[in-house]
Amino acid sequence: MKILQHIKDQIKDLPTSAGVYYFLEKGTPIYIGKAINIRERVKNHFLQPTYKDDIFIEKIDQINFTQTNSEIEALLLEASLIKKHQPKFNQVWRDDKNYFYVAISKGQKPVIYITHQKNTPKTIYIGPFVEGTSLKKTLKFLRKVFPYYTSDKHPEKKCTWCHLGLCPGPKLFETPPSPEASEGLREYKKSIKKLQLVLEGKRKTALYSLKKEMEGFSKQKNFEKALEVRDKIYALENVMAHGNVISGETPATRTSSFNPWEKTEKIFRELLRSKEPISKIECYDISNIQGKQAVGSMVVFVNGKPDKSQYKKFRIKMENKPNDIAMLKEVLTRRLRHPEWGYPDAMLIDGGIAQLNVGINAKNADAKTQNIKIISIAKGKQELLIEGQKEHIPLKSLPQEIYNVIVHLDDEAHRFAISYHKNIRSREMLTE
Ligand SMILES: [Zn+2]
């Protein structure tokens, strides 16, 4: 099949991370899919079209995408977007019976199950989900965070699921309910509400509500409960950031599971001569939109992997054609005024000695940020500059693990900057 040049160009610019992609015809999404590696998946539609692809592939004039932190997030986002946009060609080959829904019964003790049919009254249906197996695995992870019942009966003693921490237990089935059981029921319903939010792709709302709950308990000096909720927050964040746990696909990124971060981190720490562990690294990129509005992009890697939820944009405020150095200074200074984002262990900056010094001065301005290690990547000379070290290190001579992380960080910062400019319009259209 002949692929049109403008499609080829668009595929080249797609990221290789997990997320959801959209095929558009004259601005309307006609097909939405999820992938562990967006670029590879989209390429396959064109290079090895199935009989399903054949009926719409030639109509596509634009490809958009939304990146996610994990495959689970992509799965949930895909479902909510298919529901919202009802793209023509997601529906041609499937009717409701082929899709999967998560059903949540209403009533005293909500029960949760997966179904093809949306025909029970007083039931909330979330979906449509395209793949049953992935959905089951996702629910299994989420059930650890939000234990639930799968049946409206429970034996008097603890069941198998109870012992695995997946079931709220026999207590809530007491008749008549003790005050403790009534309280348990109220908490169960609140917990199910949050599970519903997560399944609807509203993870942030669920996390916000958990954080409010935790603060409430702390204020009441109920620290045991507060800690319980805090563990839930961690567990949920962990599930949602979990790599590619639900399907067998292998991601084609440079961060491979054969290269555990512990080993890389040790080498990194030696290289930077840092006494502190290196876990969080930020990388900066300054770019212009059509030569007018300059924007600073910040990407964040935690333990060697991008954490997109922490990425930030800074619109440069200075006027009169500011130079690169001044813009970098502005961005770093503004970033360091945000302790609530959590400070990084290292900052990677694009540029040579001048840029490195801007970084050093910015973080030394405050005692709290003095420990951040500044490094810069001089692309012309292909060298790495490290704070406090006179020798510049040729990129080629870096240990492979470190080279991979540095290049990945740098790529990611550029990609984030570019994708932001390119997709700002389509994103406004497609995301809530
Ligand atoms: Zn149980």
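Residues numbered from 1 in each chain as written. Predicted model: local features only at pLDDT ≥ 70, side-chain atom pairs only at ≥ 80, totals over all residues.

How would you summarise helix α2 (residues 38-47) if you had to cite specific residues and measurements?
The set of residues buried in α2 consists of I38, V42 and H45. The arc that holds the buried residues of α2, viewed along the axis, is 50°, so those residues lie on one side. Looking at the buried side of α2, the elements it contacts are α1 (5-12), β1 (19-25), β2 (28-35), α3 (51-54) and β3 (62-67). (Buried ≥ 20, exposed ≤ 12 C-beta atoms within 10 Å, placed from the backbone. Helix = DSSP H or I, 4+ residues; strand = E, 2+ residues; numbered from the N terminus. Arc of directions from axis to C-beta. Contact = placed C-beta atoms within 7 Å.)

Got a sec to walk through unusual backbone geometry? Specific residues and values, please.
The step from G127 to P128 runs through a cis peptide bond, and the omega angle for that step is 10°. Along the chain, P128 falls in strand β6 (residues 123-129). Omega for the bond connecting T175 with P176 falls within 30 degrees of zero, at -15°, which places this linkage in the cis form. With respect to the secondary-structure elements, P176 resides in the loop between α7 (160-163) and α8 (179-199). Although it is not a glycine, R273 sits at a positive phi angle of roughly 50°. With respect to the helices, strands and loops of the structure, R273 is situated in the loop between α11 (261-272) and β7 (280-289). When the 11 C-beta atoms within 10 Å are taken as the criterion, R273 is described as exposed.

A description of the packing of α8 against helix α9 (residues 203-219) should follow, citing residues and the corresponding values.
Between α8 and α9, the shortest axis-to-axis distance is 7 Å and the interhelical angle comes to 150°. As the angle between them shows, α8 and α9 are arranged roughly antiparallel. Residues K194, L197 and V198 of α8 lie in contact with α9, whose contacting residues are R203, T205, A206, S209 and L210. When the residues that make up the contact of α8 with α9 are grouped by side-chain class, the tally is 4 nonpolar, 2 polar and 2 charged. (Axes fitted to C-alpha atoms, helices over the stretch in contact; angles between N-to-C directions. Parallel < 35°, antiparallel > 145°, perpendicular 65-115°, else oblique. Nonpolar A, V, L, I, M, F, W, Y, C, P; charged D, E, K, R; others polar.)

Which residues make up the nonpolar core, and what values do they have?
Among the nonpolar cores identified, the biggest contains 46 residues, and V20, Y21, L75 and L195 are the most heavily contacted of them. Here this core takes 8 residues from helix α4 (residues 71-85), the largest share from any one element. In this structure, this core is formed jointly by two domains, domain 1 (5-93) and domain 2 (97-241), each of which donates at least three residues. Counting 34 residues, the second-largest nonpolar core is a separate cluster that includes I281, L348, V358 and I375. (Core = buried A, V, L, I, M, F, W, Y, C linked by C-beta atoms within 7 Å. Domains from an automatic or database assignment.)

Tell me what's going on with the confidence of the model for the protein, and back it up with residues and numbers.
Per-residue pLDDT for the protein has a mean of 85; in total, 89% of the residues score no lower than 70. Within the protein, the lowest mean pLDDT, 73, falls on helix α14 (residues 400-430), and the highest, 96, falls on helix α13 (residues 353-364). Confidence drops under pLDDT 50 across residues 248-259; counting only partners more than four residues distant or on other chains, this segment forms 17 contacts. Below pLDDT 50 for its whole length, residues 425-432 participates in 4 contacts with residues either more than four positions away or in separate chains. (pLDDT = per-residue confidence, 0-100.)

How would you explain the sheet that holds strand β5 (residues 112-115) if you had to name every residue and give the values?
Picture the strands of a sheet paired through backbone hydrogen bonds; they go either parallel or antiparallel. Spatial strand order, β5-β4-β6: 3 strands in an open sheet with antiparallel pairing. The open sheet terminates on both sides in strands that have one partner only, identified here as β5 and β6. This sheet shows a mean twist of 25° between the axes of neighbouring strands, independent of strand direction. Here 5 bridges tie strand β4 (residues 100-105) to β6, and the two strands are oriented antiparallel to one another. Bridge assignment links I104 to a residue of β6, and that residue is I124. (Pairing = 2+ DSSP bridges.)

Can you tell me about the environment of N69, naming the residues and giving the values?
Within the fold, N69 resides in the loop between β3 and α4. Separated by 236 residues in sequence, N69 and K305 place their C-alpha atoms 9.6 Å apart. Ignoring anything within four residues of it in the chain, the contact list for N69 reads M240, A241, D307, K308 and S309.

Describe the sheet that holds β1, with residues and values.
A sheet is described by the order of its strands in space; here 3 strands give the open sequence β2-β1-β3, paired in antiparallel fashion. Both edges of this open sheet fall to β2 and β3, since each of them pairs with a single strand only. With strand direction ignored, the average angle separating the axes of adjacent strands in the sheet is 20°. As paired strands, β1 and β2 are joined by 7 bridges and run antiparallel to one another. Bridge pairing links G19 to A35 in β2. Contacts between α2 and the sheet are confined to β1, β2 and β3, with β1 contributing the most and set at about 40° to the helix.

An account of the pairing of strand β12 (residues 373-378) is requested, with residue identities and associated values reported.
Across the 6 residues of β12, 5 count as buried, placing the element largely inside the fold. Note that strand β11 (residues 346-350) and β12 share 5 bridges and pair parallel. By the bridge assignment for β12, D350 is matched with I377. Regarding topology, α13 serves as the crossover connection from β11 to the parallel β12, and that connection is right-handed. Sheet topology places β12 next to strand β13 (residues 383-386); 4 bridges connect them, and they run antiparallel. Looking across to β13, one finds that I375 is bridged to I386. If you look at the hairpin formed by β12 and β13, you'll find 4 residues sitting between the two strands, and Q382 has a positive phi there, around 55°. (Right-handed = clockwise from strand over helix to strand, strands pointing away.)

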